[in-house]
Every structure is written in C-alpha cells, then in structure tokens.
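Below are the chains, spelled out letter by letter.
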Amino acid sequence: MCTRIEDSNICYPLTSDQRRKKGCRGIGLAIVNHFNEFPEFMREGAAKDLETLSQLFASLNLEFRPHTELTKEQIVELLKRTARDPTLSSDSMIAIAISSHGCEEGLLGINIGE
C-alpha cells in the first residue's frame, strides 16, 4: 500500500526506491482549494473531493500527495517543481488532479481577492 507522512499541508514524499519497495506505480498529486476565507466562493464539496482523490489514487497504487489552499502562483510553482523532480523519472505514472474555481483567465487560487 502506498503511503505518505503528512504534517498539516506539508507532505514528506517517499523516494522513488521507497515507492517501488511499497509497490507504488508513482504519485498522485491532488490540489484542492476550499476557499474558506471567501464564504461567497467556498466549495462545500472540497473535503469530499480530497477524500475521493485519496481513494482513487490508492486504487491506482499511487503515493498520495495532497495540497490544499494554494494560491495560483503556488499551484504553478508546485506543478513546475513536480515536473523537474528527478526522483519521478523512474515512476510509471504521475496523476495530477486540481479541484478549484476557474475563470476566463484560467485557474483561481485562494488569493482570489487580490
């Protein structure tokens, strides 16, 4: 079973070798924004999205890496950092799911009021 150690929003990922030893095929990156600071934009189903993504990635035998309440800039940086991560090159699968609000200009982060 693929696992990860989580401390709040900080995830301590497994190395590629550790993932293989646990039988993982790769990683499942989940980005979910609730928008708690903006009641008019709050996403009531966000917690369920995170739970469902955890189950989905586990069924695909992926190490689950959750991230919540990110700004658009933090989301972009996380995606860039993940794309450059050399430890992922030997994994057979990387899945990315983003659950947030969008607009004509693209993805909205939790800095919606700025």
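Note that residues are indexed from 1 along each chain, following the sequence as it is written. Note on the predicted model: pLDDT of at least 70 is required for a residue's local features to be given, and 80 or more for side-chain atom pairs to be given and counted; whole-chain, interface and lining totals, by contrast, use all residues. Side-chain measures were taken over the full set of non-hydrogen atoms in the model, leaving aside hydrogen atoms and water.

## Points about the confidence of the model for the protein chain
Just so we agree on the cut-off: One confidence number per residue, pLDDT, is output by the predictor and ranges from 0 to 100. Throughout, a residue-residue contact means that at least one pair of heavy atoms, one from each residue, lies within 4.5 Å.
With 66% of its residues at a pLDDT of 70 or more, the protein chain shows a mean pLDDT of 76. The low-confidence segment residues 1-12 (pLDDT under 50) makes 25 contacts with residues lying over four places distant or belonging to another chain.

## Points about the pairing of strand β3 (residues 26-32)
To be explicit about the condition: Accessibility here uses a 1.4 Å probe with only protein chains present; expressed as a share of the type maximum, an area under 20% marks a residue as buried, one over 50% as exposed, and anything in between as partly exposed. Labels follow the DSSP assignment, with helices taken as runs of H or I lasting at least four residues and strands as runs of E lasting at least two, numbered in each case from the N terminus. Each pair of strands is called paired provided DSSP finds at least two bridges between the two strands.
When you tally the buried positions in β3, you get seven out of seven residues, the bulk of the element. For β3 and strand β4 (residues 62-68), the ladder comprises seven bridges, and the chain directions are parallel. Paired with G28 across the bridge in β4 is F64. Pairing geometry for β3 and strand β5 (residues 93-99), over seven bridges, is parallel.

## Side note on helix α3 (residues 72-84)
To keep things clear, this is the line we draw: Given the number of residues in a helix, its expected span is that number minus one, multiplied by 1.5 Å. This arc describes the spread of directions from the helix axis toward the C-beta atoms.
The terminal C-alpha atoms of α3 lie 19 Å apart, and with 13 residues this matches the ideal 18 Å at 1.5 Å per residue to within 8%. Within α3, burial applies to I75, L78 and T82. Each buried residue of α3 sits inside an arc of 65° when the element is viewed along its axis, so together they form one side. Across α3 from its buried face, at more than 90 degrees, point the exposed residues E73, A83 and R84.

## Regarding the sheet that holds β5
Spelled out, the test is: Every axis corresponds to a line fitted to the C-alpha atoms, with the helix fit spanning only the stretch in contact, and the corresponding angles, defined between N-to-C directions, vary from 0 to 180 degrees.
In space, the three strands of this open sheet follow the order β4-β3-β5, with parallel pairing throughout. The sheet is open, and its two edges are formed by β4 and β5, each paired on a single side. Strand-to-strand twist in this sheet, taken as the mean axis angle between neighbours without regard to direction, amounts to 15°. Most of the contacts of helix α2 (residues 46-59) go to β3, to which it runs at about 175°, and overall it touches β3, β4 and β5. On top of the sheet, α3 reaches β3, β4 and β5; it is set at about 175° to β3, its chief contact.

## Some details on the side chain of N33
Selection rule: Polar contact is the term for a pair of N or O atoms within 3.5 Å; when the atoms are in protein, one must be able to donate a hydrogen and the other to accept it, and sequence-neighboring residues count only if both atoms are side-chain atoms.
With respect to the helices, strands and loops of the structure, N33 is situated in the loop between β3 and α2. Classification of N33 by relative accessible area gives buried; the value is 0%. Here the side chain of N33 touches L70 through a polar contact of 2.8 Å, landing on its backbone nitrogen.

## Some words on α2
Spanning 14 residues, α2 covers 20 Å between terminal C-alpha atoms, matching the ideal 20 Å at 1.5 Å per step. Contacts made by the buried residues of α2 are with β3, β4 and β5. Downstream of α2 by one or two residues, N61 has phi in the positive range, about 60°.

## Structural notes on the nonpolar core
Our working definition: Buried residues of nine kinds, namely Ala, Val, Leu, Ile, Met, Phe, Trp, Tyr and Cys, make up a nonpolar core once their side-chain atoms join them within 4.5 Å.
A30, V32, A46, L50, L53, F57, L62, F64, A95 and A97 together form the largest nonpolar core, which totals 10 residues. Secondary-structure elements contributing two or more residues to this core are β3, α2, β4 and β5. Broken down by element, the residue count for this core peaks at four residues, all from α2. Judged by nonpolar contacts, the second largest core, of five residues, contains L29, I31, I75 and L78.

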